[in-house]
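Here is how the chains run, residue by residue.
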Amino acid sequence: MITIDGSEGEGGGQVLRYAAGLSLMTGEPFTIHNVRGGRKKPGLMRQHVTAIEAAAMVGNAEVSGLSVGSEELTFRPGSVVPGEYHFAVGTAGSTGMVLQALLGPLMQASEPSRVVIEGGTHASHAPPFEFTARTLLPLIAKMGPKITATLDRHGFFPRGGGRIVVEFDPSDLRPIELIDRGKLLSTKAEAVVAGIPFDVADRELSAARKVLSDWPEDAFQSVQLPADHGPGNALLITAEFENVTEVTSGFGKIGMPAERLAKTAAKRMAGYLGSRAFAGPYLQDQLLLPFAMAKGGAFTTVKLSEHTRTASQLIERFTGTGFKFSETGEGTHLVEVAPG
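Because the structure is a prediction, the values reported are computed rather than measured. (Residues numbered from 1 in each chain as written. Predicted model: local features only at pLDDT ≥ 70, side-chain atom pairs only at ≥ 80, totals over all residues. Heavy atoms only, no water.)

> Describe the overall build of the protein chain, and please don't skip the residues or the numbers.
Looking only at helices and strands, the protein chain has eight helices and 16 strands in total. Relative to the globule expectation of 20 Å for 340 residues, the C-alpha radius of gyration of the protein chain, 19 Å, shows essentially globular dimensions. Taken along the three principal axes of its C-alpha coordinates, the protein chain extends 55 × 45 × 40 Å. For the protein chain, the proportion of its 340 residues judged to be buried stands at 55%. Excluding contacts between residues fewer than 6 apart, the proportion of contacts in the protein chain whose partners are at least 24 apart in sequence is 70%. Roughly 14,200 Å² of accessible area belongs to the protein chain as shown, and the carbon and sulfur atoms make up 49% of that amount. Across the protein chain, 32 positive and 36 negative side-chain charges occur, with their mean positions spaced 5 Å apart. (Helix = DSSP H or I, 4+ residues; strand = E, 2+ residues; numbered from the N terminus. Rg over C-alpha atoms; globule rule 2.2 N^0.38 Å. Buried < 20%, exposed > 50% of the residue type's maximum accessible area, 1.4 Å probe, protein only. Contact = heavy atoms within 4.5 Å. Areas by Shrake-Rupley, 256 points an atom, 1.4 Å probe, with all protein chains shown as cover. Lys, Arg positive; Asp, Glu negative; His and termini not counted. Charge placed at Lys NZ, Arg CZ, Asp CG, Glu CD.)

Here is the structure:
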């Protein structure tokens, strides 16, 4: 049994989700104590419980300690069973985070699967749906598995109520190299509002336009959803290159000025555009698991995050496959698979 201290490294829910997925893929049971020990409010939240419940159902696992607030959990995997699944977080907890625990096991399952997840699709501290659909899944498709994601309904904090549908056409993964992102093809900044004043979108786009001043005027767009989809607000900034699409985002919340939200999201995009790296800060750690499963490959990225370092250590403990990190200059790093 692998024993994990959940307070080490990134110290959040990522450790839990990665461990569950890795356990199902390798057959290795694990126990984790100090769950989310690096957070102000440690222990399992509702979205973490749903993620582990989903992994346990897909993989016929036995789990103890699975309840909101629990700081210790033991997970004993069974066999992964592809099929039709439906999971509901019950809060605005991230649907993408629940999906993270299922991606690895289902992309290499023996048959296709269809998974419906209800909860938050656009909320702080989690990648928005567009990042998963436009950035991550197309790169996994280059490695073999075809995974499509559809947004049926937006879900904003604090209400939730969003719905995504993910379909898996599994296969073995082949190593690839993601070094050059290619030419810039298109740019877009999209302010989405639901059940709140429309001028919030205008203010966000105005602030983003000041940072991304070389983008064309028609790149800045506003979208008004039906009021019953909210209240909620998201700013999605997208840069599509020949070989990768980067998405940065910001989400409205009480006490957060629209201008500050937009400026932060736009500066993140400007930072990525100013680098020569393939993967941005949120893509880098999510590439590690499929690359380890492929047992080869390399990609360039921006400054390494604590999420990435934590994920790499956890992956090596379960699989024996490690990673080599090296600086290539101008703030760019090369990440290479180093099979054990």
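> Quick one: what's the story with the pattern of salt bridges, residue by residue and with numbers?
In the structure shown here, the tally under the stated rule is eight salt bridges. Between Arg163 and Asp152 there is a salt bridge; the shortest N-O distance is 2.9 Å. With a gap of eleven residues between them, Arg163 in strand E8 (residues 162–169) and Asp152 in strand E7 (residues 146–153) connect regions that are remote in the sequence. Residue classification places Asp152 among the partly exposed residues on the basis of a relative accessible area of 44%. Its salt-bridge partner being Glu259, residue Arg203 comes within 2.9 Å of it at the nearest N-O pair. In this pair, Arg203 sits in helix H5 (residues 199–211) while Glu259 sits in helix H6 (residues 258–273), placing the two residues 56 residues apart along the sequence. Taking relative accessible area as the criterion, Arg203 reaches 33% and is therefore assigned partly exposed. On the basis of relative accessible area, Glu259 is assigned to the partly exposed category, the value being 36%. (Salt bridge = Lys/Arg side-chain N within 4 Å of Asp/Glu carboxyl O.)

> Before we move on, could you go through the packing of helix H1 (residues 13–26) against helix H7 (residues 284–294) and cite the residues and values that matter?
Angle between the axes and distance between the axes are the two parameters that describe a pair of packed helices. In the contact formed by H1 and H7, the axes pass within 12 Å of each other and the chain directions differ by 15 degrees. Classified by the angle between their axes, H1 and H7 sit roughly parallel to one another. By crossing handedness, the relation of H1 to H7 is classed as right-handed. Within the contact between the two elements, H1 uses Gln14, Tyr18, Leu22 and Met25 and H7 uses Asp285, Gln286, Leu289 and Met293. Looking at the contact of H1 with H7, its residues break down into five nonpolar, two polar and one charged. (Axes fitted to C-alpha atoms, helices over the stretch in contact; angles between N-to-C directions. Parallel < 35°, antiparallel > 145°, perpendicular 65-115°, else oblique. Left-handed = near helix turned anticlockwise from the far one by under 90°. Nonpolar A, V, L, I, M, F, W, Y, C, P; charged D, E, K, R; others polar.)

> Kindly report on the packing of aromatic side chains, identifying the contributing residues and their values.
Applying the stated criterion across every chain, the model contains six aromatic pairs. For the pair Phe241 and Tyr272, a centre-to-centre distance of 6.1 Å together with 80 degrees between the ring planes defines the contact as edge-to-face. Of this pair, Phe241 sits in strand E12 (residues 232–241) while Tyr272 sits in helix H6, and the two are 31 residues apart along the sequence. Residue classification places Phe241 among the buried positions, given a relative accessible area of 6%. Summarising the aromatic geometry, the rings of Phe291 and Phe299 are spaced 5.3 Å apart at their centres and angled 75 degrees between planes, so their arrangement reads as edge-to-face. (Phe/Tyr/Trp six-rings, centres within 6.5 Å; stacked < 30°, edge-to-face > 60°.)

> Could you give me a rundown of the sheet that holds strand E14 (residues 298–301), with the residues and numbers involved?
What the four strands build is an open sheet, ordered E9-E14-E16-E15; its pairing is mixed. Of all the strands in the sheet, just strand E9 (177–178) and strand E15 (322–329) have a single pairing partner and so form its edges. Sheet topology places E15 next to strand E16 (residues 332–338); seven bridges connect them, and they run antiparallel. Bridge pairing in E16 places Gly329 opposite Thr332. (Pairing = 2+ DSSP bridges.)

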